[in-house]
Every structure is written in C-alpha cells, then in structure tokens.
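Okay, here's what each chain looks like letter by letter:
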Amino acid sequence: MRRDIAYSLEIVGSGIREDYYFEDKKEAFDSYSAIVNAFEGKLITEVPPSENADKVIGLSIMKTYFGGVPKGEMADFSPQSLFKSTVYEDVNKMARELHRTSESGIYK
C-alpha cells in the first residue's frame, strides 16, 4: 500500500475550517511562522472560556497520511496559535497566498 504524507496548514474559526496542504514539512512550518509573525499583535496567549470560542481562530499544522498510517509511527508535535477572530479573513488570505506561491503546495 502506498503511503503519502502531506502537512496541512489548518485555520479554524468562524464556524469554518480551511486546510492548505504542503508536501514539504519545512515549507508548511515556514508558512505557519510567517503568519504568526505577521499577526503577532493579534495573538491570544490565554485560552478564553468556551463561551468566547467564537472570538478566536486557531492556526496549526497537521501531519496527514494518505493510504494508511505506518506501523509504529509516533505523533508529531503540532504547533498551535490562537488569534482574535477579527483577523480571520486576513490570516486566511495570507495562507492562501503562501500556499499558491509555494513549490510544494498541493490539493487546493
């Protein structure tokens, strides 16, 4: 069975989930870091109570296997950053542009 791996830059917020897949792990992490740095002033350092969940968006990277998970595979560290929901469109726009201009962007 063929196993392919992709790294998904995932944005969750406003009842919507967007995924931007990369074949290259470094490119996915570089895109994640670029977004975090660009919106540093909008980062949330304390997780708000669940009733305020609609006021935040999450940005993370997920490792995705296509065709099955290899036997004995260990979980990867997945960074996650939370932002104020007011920047959802801007974060998504930047992720879309980073994905579009990357050499390893796939599936969108």
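Treat the numbers as computed from the prediction; the structure is a model and nothing was measured.

A.B. asks: Which parts of the structure should I look at to understand the overall build of the protein chain?
C.D. replies: The number of helices and strands found in the protein chain is two helices and six strands. Starting at the N terminus, the α and β elements of the protein chain follow one another as β-β-α-β-β-β-α-β. Carbon and sulfur atoms make up 51% of the accessible area of the protein chain, which amounts to about 6900 Å² in all.

A.B. asks: What exactly am I supposed to notice about the packing of aromatic side chains here?
C.D. replies: The geometry of an aromatic ring pair comes down to the distance between the two centres and the angle between the two planes. Under the definition given, this model contains one aromatic pair. Look at Phe39 and Phe83: their rings are 6.4 Å apart centre to centre, the planes differ by 80 degrees, and that puts the pair in the edge-to-face class. Of this pair, Phe39 sits in the loop between α1 (25-38) and β3 (43-44) while Phe83 is found in strand β5 (residues 80-84), placing the two residues 44 residues apart along the sequence. As far as the burial class goes, Phe39 and Phe83 line up, both buried.

A.B. asks: Just to check I follow, could you spell out the environment of Asp19 for this structure?
C.D. replies: Among the structural elements, Asp19 can be located in strand β2 (residues 16-22). Separated by 77 residues in sequence, Asp19 and Arg96 have C-alpha atoms that sit 9.3 Å apart. Reaching out from Asp19, the side chain makes a polar contact with the side chain of Ser8 at a distance of 2.9 Å.

A.B. asks: Sorry if this is basic, but what is going on with the side chain of Ser60 here?
C.D. replies: Checked against the element boundaries, Ser60 lands in strand β4 (residues 56-66). With sequence-adjacent residues up to four places away left out, Ser60 is seen in contact with Ser8, Leu9, Glu10, Tyr32, Pro79 and Gln80.

A.B. asks: Looking at this structure, I do not really get the side chain of Glu10. What am I missing?
C.D. replies: For Glu10, the location among the structural elements is in strand β1 (residues 4-13). Filtering out sequence-adjacent residues up to four positions away, Glu10 remains in contact with Arg17, Glu18, Asp19, Gly58, Leu59, Ser60 and Met62.

A.B. asks: It is not clear to me how the packing of α1 against helix α2 (residues 88-101) should be interpreted in this structure. Could you clarify?
C.D. replies: Between two packed helices, what matters for the description is the angle formed by their axes and the separation of those axes. Two numbers describe how α1 lies on α2: the axes approach to 10 Å, and their chain directions differ by 145 degrees. Where α1 crosses over α2, the two elements pack in a sense that is right-handed. Side by side, α1 and α2 meet where Ser31, Ala34, Ile35 and Ala38 of the first sit next to Val91, Met94, Ala95 and Leu98 of the second. Grouping the constituent residues of the contact of α1 with α2 by class yields seven nonpolar, one polar and no charged.

A.B. asks: What is the right way to read the pattern of salt bridges from this model?
C.D. replies: Between side chains of opposite charge, a pair can form as their charged atoms come close. Applying the stated criterion to the full structure yields four salt bridges. The salt bridge involving Asp19 is made with Arg17; its shortest N-O contact spans 3.0 Å. The exposure class of Arg17 is exposed, given its relative accessible area of 52%. The salt bridge involving Lys26 is made with Asp30; its shortest N-O contact spans 2.7 Å. Taken together, the residues span about one helical turn, with Lys26 and Asp30 both in helix α1 at a distance of four residues. Within the structure, one salt-bridge network assembled from shared partners comprises Glu10, Arg17 and Asp19.

Here is what the cut-offs are and how they apply
Residues numbered from 1 in each chain as written. Predicted model: local features only at pLDDT ≥ 70, side-chain atom pairs only at ≥ 80, totals over all residues. Heavy atoms only, no water. Helix = DSSP H or I, 4+ residues; strand = E, 2+ residues; numbered from the N terminus. Areas by Shrake-Rupley, 256 points an atom, 1.4 Å probe, with all protein chains shown as cover. Phe/Tyr/Trp six-rings, centres within 6.5 Å; stacked < 30°, edge-to-face > 60°. Buried < 20%, exposed > 50% of the residue type's maximum accessible area, 1.4 Å probe, protein only. Polar contact = N/O pair within 3.5 Å; in protein donor to acceptor, adjacent residues only side chain to side chain. Contact = heavy atoms within 4.5 Å. Axes fitted to C-alpha atoms, helices over the stretch in contact; angles between N-to-C directions. Left-handed = near helix turned anticlockwise from the far one by under 90°. Nonpolar A, V, L, I, M, F, W, Y, C, P; charged D, E, K, R; others polar. Salt bridge = Lys/Arg side-chain N within 4 Å of Asp/Glu carboxyl O.

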